[in-house]
Structure formats: C-alpha cells, structure tokens
Amino acid sequence: MKPIDRQFVQENLTELAGESLYIHLETTNGAYASHKDQSFFSAGTFIRNVQLTFLHGKITGKGPYRMGLETEQGWLYAEGLTDWEKDEEDRLLFAGHDAEGKLAIALELSKKPFPK
Amino acid sequence: MEEHVLVIFPHPDDEAFGVAGTILSHTQAGTPVTYACLTLGEMGRNMGRPLIANRETLPEIRKNELNEACRLLGIEDLRRFGMRDKTVEFADEDALQSRIFDMIEEVNPSLIITFYPGYAVHPDHDATGAAVIQAVRRLPEGERPTVHALAFSEGCEQVLGEPDIVYDVSEYSDQKMKVIEAHKSQTAGVIETMKKRFLEEDETMKERMSTERFWTYPI
Ligand SMILES: [Zn+2]
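Residues numbered from 1 in each chain as written. Chains lettered and ligands numbered in written order. Predicted model: local features only at pLDDT ≥ 70, side-chain atom pairs only at ≥ 80, totals over all residues. Heavy atoms only, no water.

The name recorded for chain B in an unreviewed UniProt entry is Bacillithiol biosynthesis deacetylase BshB2, from Salipaludibacillus keqinensis. Within the UniProt record for chain B, the comment given under Cofactor (unreviewed entry) is "Zn(2+)". (UniProt positions renumbered as here; feature names shortened; annotations may be inferred.)

Where an unreviewed UniProt entry is consulted, chain A appears under the name DUF1806 domain-containing protein, with the organism given as Salipaludibacillus keqinensis.

Shown next as structure tokens:
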C-alpha cells in the first residue's frame, strides 16, 4: 500500500459510482487491547461482502482521511484512512495504520465478492 | 515419551510463543507432531514493518509463514481448517467439535496441546480450547488422550493454581526465536528488541524463551 493521494483516490472513487460493489469494512483495536490495558474499552466491527451501490463518494481531510459514500437509502462513513492501493484485481483497498503501522480500519470496494 | 502429539490452535503464531520449545522437544525425539491451525489469522492488525501486507494479501503471506514455522519445528503434518480469524466462537459448535473429534480418532494422539478455555484471552483461543475439550469428551473414558492446556489471562493462576507441567526448553531457545521470527508479518516490529533482550539476559525474556508452562486439563 502507499500513502493516500487524495485527488487520485477521488478520481478512482468517482469511477465506481453507480456500480454494484462488494464491501469489506472493518475497525479494530486488536483482541489484546483490554488484556494489555484493563481500562481500555475495546470495540470493533467487520462486515464482509455486503453489497452496495453508491450514488456519489467523496474523500476528505488532510490525512488521515475520511470517506463518505451516499447510497439511495443511506451512507457509508469511514475515518482514519492513511494508505491505499488498487490491486491487480482492480479492487480499491483502503486502510488506516496507526503510528506503529498496525491496522485500525479497512475499507475495501470490489466488483467481485471477496473470498470468505 | 509421547507416541503422537496433536497441537490445536486457531492462529498461525500461536504455536510460536508459548509452545515452540515443547514442540521441538517432541519432534527432535522423533515423536510425530500434527498441528491443526483453524484460521490463517486473516484479521491480524500487524501488516509487517515496513508494511508488506494488506487485508487481502495477509492470508497468503501468513500461510507461507506458517509453512516455514512448521518446517523449523519439524512438523510434517499441518492441517489448515480454513476458518476465518475472529469467527471461531461463532461457528457451528457441533460441526467444529465433530471435525476435531474425527481428527483425534484418525491421529490417535497420546497428548493434545491447546488453549485452556476461559483463560486464553482471545475469543478464538477460548473457543478452540472449548471445542477440543468437548471433542475429547466424546471418546470413552480411558481412551482419552492427555490434554495440556495453555492459559495466560490476567489472574489465571489464582483460579487454576500453578501450572503442573513446567518444561525447561532452554536448549531450544534459539530455534524458538527463529520460529517466532518466521511469522515476519506479525513479529517484525518486536523481534529485534526480543533478541536484544534475550542476549542481554533480561530475566523476563529469558524466562519466556526457556520455560513453557501447561495445565493438565481435568477431562
Ligand atoms: Zn492467537
């Protein structure tokens, strides 16, 4: 992955508007967060291969970046995005890595389902 | 000496930290070790340092790391269950127990090593340990293998007491460090510090690399 280039990402995002997409969306602070620090409140989520079509999508911020995708019925929102790549399967992969390089958030868009 | 050891954990690298020395002591004595690894740690937060993985490439990278770790450990029978990291506790319990039961019947181990359910911190660890215990209990009494369980939750010794199995694995410390290092995507950020602390004879690190502790599970 490489650091997000906002303008370039915006162009790639705009190209996907109106397409039927599979989404992987995830936030995590790690299964050991509360083990290492008992006062830490651990929360996280992931959803994989939910289908969605967005009307328009935007990336904002100065880095880490935010992304919002407006759909017919609602929204997808993500914050803390730092890196991205378009992989060889033409999937748009975004991630947010903390100062130690650990993944805190992932947002991925693909025209084909991700492997389960 | 054991006849056959069956190790059952959910994540690649679970076999590295608390168990590698014990596994090496078995394989080097000529005892076959079968390792069932339920997931590929697909949802790990560590992506290598510098970053070498993303969420989609991580499984393949960790699969290769797992193969290399098994090679270093002398494990010739690796079984990947193909489950997804973080989902073991939500899987169909009966189906998972049956799959483990079938494997136990086939491998016929004299010893099983797994996590101590309820005292292994990660929900996948606890769920794996629980499924193994239930699978073992399907065997008739008297035909059940010994189960050595790994516990490390905060305060677990207050409930479980001191571990009854304590192995000195110091002769395998260097090899154990290599096994930990083989899980590069997960350990690249800490391995140099670990090695340095070990060489400097830091007490905690020396203890971690040379002593492995288990509780015999009351089956
Ligand atoms: Zn684990």
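Back to the text.
What am I meant to see in unusual backbone geometry here?
Most peptide bonds take the trans configuration, and most residues that are not glycine carry a negative phi. A cis amide bond, omega -5°, links Gly63 of chain A with the succeeding residue Pro64 of chain A. Tracing the backbone shows Pro64 of chain A in the loop between β4 (54-60) and β5 (65-71). Cis rather than trans, the peptide bond between Arg49 of chain B and Pro50 of chain B has omega equal to -5°. Examined against the element boundaries, Pro50 of chain B turns out to sit in the loop between β2 (33-39) and α3 (58-73). Unusually for a residue other than glycine, Asn49 of chain A sits at a positive phi of about 65°. Its place among the elements puts Asn49 of chain A in strand β3 (residues 45-52). (Helix = DSSP H or I, 4+ residues; strand = E, 2+ residues; numbered from the N terminus.)

Can you help me understand the sheet that holds β5 of chain A in this one?
What links the strands of a sheet is backbone hydrogen bonding, and the strands pair in either a parallel or an antiparallel sense. All names here are of chain A. The antiparallel open sheet is built from three strands, whose spatial order is β4-β5-β6. Each edge of the sheet is formed by a strand with only one pairing partner; in this case those strands are β4 and β6 (75-81). Here the strands of the sheet are splayed against their neighbours by 10° on average, with no regard to which way each runs. Bridge analysis of β5 against β6 gives six bridges, and the strand direction is antiparallel. Opposite Leu69, over in β6, you have Leu76 as the bridge partner. Strand contacts of helix α1 (residues 6-16): β4 and β5, with the helix running at about 175° to β4, the strand carrying the most contacts. (Pairing = 2+ DSSP bridges. Axes fitted to C-alpha atoms, helices over the stretch in contact; angles between N-to-C directions. Contact = heavy atoms within 4.5 Å.)

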